[in-house]
Amino acid sequence: MEKIEVNPNEVGIWVGYIKPHKEPLENIIKIEGWKNIPPVPIFRLPEGYNHKFVLIDGHARRDAAIITNSLLPCILYAQGELINPAKDGLASFGYQDRCSDSNFYQKIVAMYLVYENAPLIKKSSILNTS
């Protein structure tokens, strides 16, 4: 795992539930910055995709980074690397109980590809990586 900050426009998303916040995140970021907001977990995508990274969790944080024109604090995970939200300082998320599955990377990328409506050849090439 590697802590990085990235342009949020380089992070692809998939259709997911965005948890509503009492106060919009962009307002908090404008006042306090990112200091009290957990980083988002991401995977790197192979060359040739619409984005450099794919979001594992944190749709609202990514959107807030775009709105505030700020870099998005992230933790970059390698394919197959164990993700431990509590140990890694992440917010808990719905897929955290599945993130230790050997195919977790492929599942996240497959959801991204469906959302992006990517060509079938790209889908087959990414889904067959190990």
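Everything below is about the structure shown above.
Described below are features of the structure shown in this document.

Parameters and conventions
- Residues numbered from 1 in each chain as written.
- Predicted model: local features only at pLDDT ≥ 70, side-chain atom pairs only at ≥ 80, totals over all residues.
- Heavy atoms only, no water.
- Buried < 20%, exposed > 50% of the residue type's maximum accessible area, 1.4 Å probe, protein only.
- Helix = DSSP H or I, 4+ residues; strand = E, 2+ residues; numbered from the N terminus.
- Pairing = 2+ DSSP bridges.
- Salt bridge = Lys/Arg side-chain N within 4 Å of Asp/Glu carboxyl O.
- Core = buried A, V, L, I, M, F, W, Y, C linked by side-chain atoms within 4.5 Å.

### Section: the pairing of strand β5 (residues 72-77)
Step number 1: With six of its six residues buried, β5 lies for the most part within the structure.
Step number 2: The side-chain alternation of β5 yields two buried faces, one formed by Leu 72, Cys 74 and Leu 76 and the other by Pro 73, Ile 75 and Tyr 77.
Step number 3: Bridge count for strand β1 (residues 2-6) against β5 is five bridges, and the pairing is antiparallel. From the neighbouring strand, Val 6 faces β5, where its bridge partner is Leu 72.
Step number 4: In this structure, strand β3 (residues 40-44) lies alongside β5, joined through four bridges in parallel fashion. Within β5, the residue paired with Val 40 across the bridge is Cys 74.

### Quick word on the pattern of salt bridges
Step number 1: Going through the model one piece at a time under the given rule, you end up with four salt bridges.
Step number 2: For Lys 52, the salt bridge goes to Glu 10, with nearest N and O atoms at 3.6 Å. Here the residue Lys 52 occupies a position in the loop between β3 and β4 (53-55), and Glu 10 occupies one in the loop between β1 and β2 (11-12), the gap between them amounting to 42 residues.
Step number 3: For Glu 10, a relative accessible area of 25% translates into the label partly exposed.
Step number 4: Note that Asp 57 and Arg 61 form a salt bridge whose closest N and O atoms lie 2.8 Å from each other. Arg 61 matches Asp 57 in its accessibility class, with the two residues each being buried.

### Looking at the nonpolar core
Step number 1: Of all hydrophobic cores here, the largest spans 18 residues; its most connected members are Phe 43, Val 54, Ile 56, Tyr 77, Ile 83, Phe 104 and Ile 108.
Step number 2: Where this core is concerned, the elements lending two or more residues are β5 and α4 (104-116).
Step number 3: Looking at this core, the element that brings in the most residues is α4, giving six residues.
Step number 4: Counting residues in hydrophobic clusters, the runner-up holds 17 residues, among them Phe 53, Leu 55, Ala 65 and Cys 74.

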